Each structure stands twice: as C-alpha cells, then as structure tokens.
Amino acid sequence: FSIVDDFRRLLELPEPTVRDGLRLICEIEPVTVRDLAARVKRRTGLGSVRVAGNLDTTVRRVAPAVGGLGLSLNIGYLETVLDLRPDVLIAGECDEYAWLYLQDAGVPVIETAHCTSENPGLGTLTRVLQHQFPGIPVVFHEVECPWVVV
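Throughout this document, residue positions are counted from 1 along each chain, in the order its sequence is written. Totals for whole chains, interfaces and linings use all residues, but because this is a predicted model, local features are given only for residues with pLDDT of at least 70 and pairs of side-chain atoms are given and counted only at 80 or more. Side-chain measures here rest on the full set of heavy atoms in the structure, leaving out hydrogens and waters.

Considerations on the pattern of salt bridges
- A carboxyl oxygen of Asp or Glu within 4 Å of a side-chain nitrogen of Lys or Arg is what we treat as a salt bridge. Taken as a whole and judged by the stated rule, the model has ten salt bridges.
- Across the salt bridge formed by Arg-9 and Asp-6, the nearest N and O atoms sit 3.0 Å from each other. Of the two residues, Arg-9 and Asp-6 both sit in helix H1 (residues 3-10), three residues apart, roughly one turn of that helix.
- Buried, partly exposed and exposed residues are distinguished by accessible area as a fraction of the type maximum, computed with a 1.4 Å probe on protein chains only: under 20%, between the cut-offs, and over 50%, respectively. Taking the relative accessible area as the measure of exposure, Arg-9 reaches 44% and is therefore partly exposed.
- When its relative accessible area of 9% is taken as the criterion, Asp-6 is described as buried.
- A salt bridge links Asp-20 to Arg-23; its shortest N-O distance comes to 3.4 Å.
- A cluster of three or more residues bridged by salt bridges with shared partners is formed by Asp-5, Arg-8, Glu-15 and Arg-19. Each helix is a run of H or I in the DSSP string that is no shorter than four residues. Each strand is a run of E no shorter than two, and both are numbered from the N terminus.

In structure tokens, the structure reads:
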C-alpha cells in the first residue's frame, strides 16, 4: 500500500522508473505542461488546476507529490525529488514559496488539491483495514475539494 501510488494511478501515470520511498519518477510520452495539466484536470474531475512554469515546456519525467508534500515546509522532500531530475511535479498542494523554489529549479508544477490527491489512498487504506479487522467498523469519508474558482 502506498498513498502516492494511488495518486499515480488516479493520474494514469505508469509504474515508476524510479522509486525512493514517497519519491517517484514516472516516465510518460513527451507532452507539454499545458496538455498534461488538462489531462490531470480531467482525471481528477477538478474544475481547475493551478500551474506554475512555462505551459509550452515539453515534459516526460513526472514526479507525483501527494497531499502537502509540495508545500515549502517540506523543502527537504522537494530537494530530494529534484535530485531525481523530474521535468514536472504534480502536487496535491503547494504554496508560493514552493512554487518559487521549483520555478528557480526550472521545474513546472501542476497543483490539484490536497484532498483530491489523498482520497484514493485513504480509500485503499480503508479497504485494507476492513479486510484485516473485519470485526471493527472502518469507514472512509471522501473529502471534497473545499474551494471553487470564481
């Protein structure tokens, strides 16, 4: 069980070519950031995604970052992901300092939503716990994206 793998599957990213704990690199056919962002938006069902970086940059090496791993308070995570040489990061959640840090590193970012990136993995965890502990009620409550774009 890996929450980041469930996010990867939601995004229809292939099996990673690099796996180091929560740090993954998935290699896809070359695509622009703009087209990848549209694909992410479609796969997540979100009305919008936020993107930083040149939308016309062609990317191939994708690093999915579940939940708040894209936040600046997780700078150690971001630094080790950059060591894996991604072309683009798809994050659950980012903040301005992380956006700027990744822009300085030349890595575009596509942000989904914290809950959207974690819901698939938490659903999997619920099913695992239900199977392992059949006598204990285990319930999953999907968290909906709390914001809208106006």
